[in-house]
Amino acid sequence: MKTIVLVALFFATFSTSAQTGSEIYLFDLKSKKGEVTIANPINITNHKGYDNQPFFDGEHSLVYYSSFNEDGRSDIKTYSYKKKETKSFTTTQEREYSPTLTPDKHFISCIIQRDNNAQDLGKYPVGGGTPDIIIDNLIVGYHSWMDNSHLALFILGDPNTLHLYQLPTREDTVLANNIGRSLHKIPGVRAFSFVHKVSEKDWQIKKVDMSTLKISTITATLPGQEDIAWTVDGLLLTSNGEKVFVFNLGKDSSWREATIKAGKQLLKGVTRLAVSQSGDKLAVVVAE
């Protein structure tokens, strides 16, 4: 019974998000000596309703994202910023969320929600086709690949928990409770970050060392903000809903405003951020 209630809660969460509506803007991003500049925004969705959870495939100049159709179901779409065109990646009876390129670059992994309340982590071949199921015994809300064998998972529950999942053995290790949805591999090191909601007002960005599983604190989030992204040179990005901020580990004691050369007026209700693997593009989700 508890599992059914939790799945219903997760469906209700996305239904609420769908009603608010969101768009994705793509900015040019420059990061040099700890300074971040964004410019030249374009709306890559232009679609009424929910468009969210961007993820880059840098090799093919694509952004994958989740988008609600007219029936209120979420499919995965792609936007080519080289060709400036949008295509459907999935058109199914299920609901797909959180598209993520796998480390081998052969699949797009995502959350697959089904009408019978099942909720799986699956993966679709990048060339199209039916999905393979990766995890069907946990209620996965969000996921991030560390390598071909290890996944950091946000598992829906009371409380929400952080898991490290090893695919070959299906070993599942719980690392923390009361976490946020933002899970990211940290560039240049064998580690990943998560947001630990220590209390109602104390939210901390923390680091998990993959070799030892030791957890250490990086810095506090901005008040009430759980969405972050890493630049390729190891800077943290976040937003307060209207501006973009940067944090340089080892140098900054607090968040600093990034320079926005164009598009300040577009940054309203900012949530998720994503940086391309090449480091020169920033996707920003804003309120519709």
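The following refers to the structure shown.

Definitions and limits used
- Residues numbered from 1 in each chain as written.
- Predicted model: local features only at pLDDT ≥ 70, side-chain atom pairs only at ≥ 80, totals over all residues.
- Heavy atoms only, no water.
- Core = buried A, V, L, I, M, F, W, Y, C linked by side-chain atoms within 4.5 Å.
- Buried < 20%, exposed > 50% of the residue type's maximum accessible area, 1.4 Å probe, protein only.
- Contact = heavy atoms within 4.5 Å.
- Pairing = 2+ DSSP bridges.
- Helix = DSSP H or I, 4+ residues; strand = E, 2+ residues; numbered from the N terminus.
- Axes fitted to C-alpha atoms, helices over the stretch in contact; angles between N-to-C directions.

Within the largest apolar cluster, 19 residues are counted, with the highest numbers of intra-cluster contacts made by V36, I38, L267, L282 and V284. Apart from the residues within four sequence positions on either side, V284 is in contact with E23, I24, Y25, F27, L267, V270, R272 and L273. Counting residues in each nonpolar core, the second largest holds 16 residues, with A152, F154, L175 and F192 among its members.

Looking now at the sheet that holds strand β12 (residues 150-155). Judged by pairing direction, the sheet is antiparallel, and its four strands sit side by side in the order β11-β12-β13-β14 without closing on themselves. The open sheet is flanked by β11 (140-145) and β14 (171-177), the only strands paired with a single partner. Across the sheet, the mean angle separating the axes of adjacent strands is 25° when strand polarity is ignored. Relative to β12, β11 is paired through five bridges, and the arrangement is antiparallel. Following the sheet pairing, H143 is matched in β12 by L153.

This part is about the pairing of strand β2 (residues 35-43). Two strands pair when backbone bridges link them, and strand β1 (residues 22-32) and β2 are joined in this way by seven bridges, in the antiparallel orientation. Directly across from L26, in β2, lies its bridge partner I42. Where β1 hands over to β2, the hairpin turn is made up of two residues, of which K33 adopts a positive phi near 50°. The pairing of β2 with strand β23 (residues 259-260) spans two bridges and is parallel. Counterpart to I38 in the pairing with β23 is I260.

Further remarks concern the pairing of strand β10 (residues 132-135). Summarising the sheet, strand β9 (residues 119-125) and β10 pair through three bridges and their orientation is antiparallel. Of the residues in β10, the one forming a bridge with G122 is I133. Between the end of β9 and the start of β10, which pair antiparallel, lie six residues, with G128 showing a positive phi angle near 100°.

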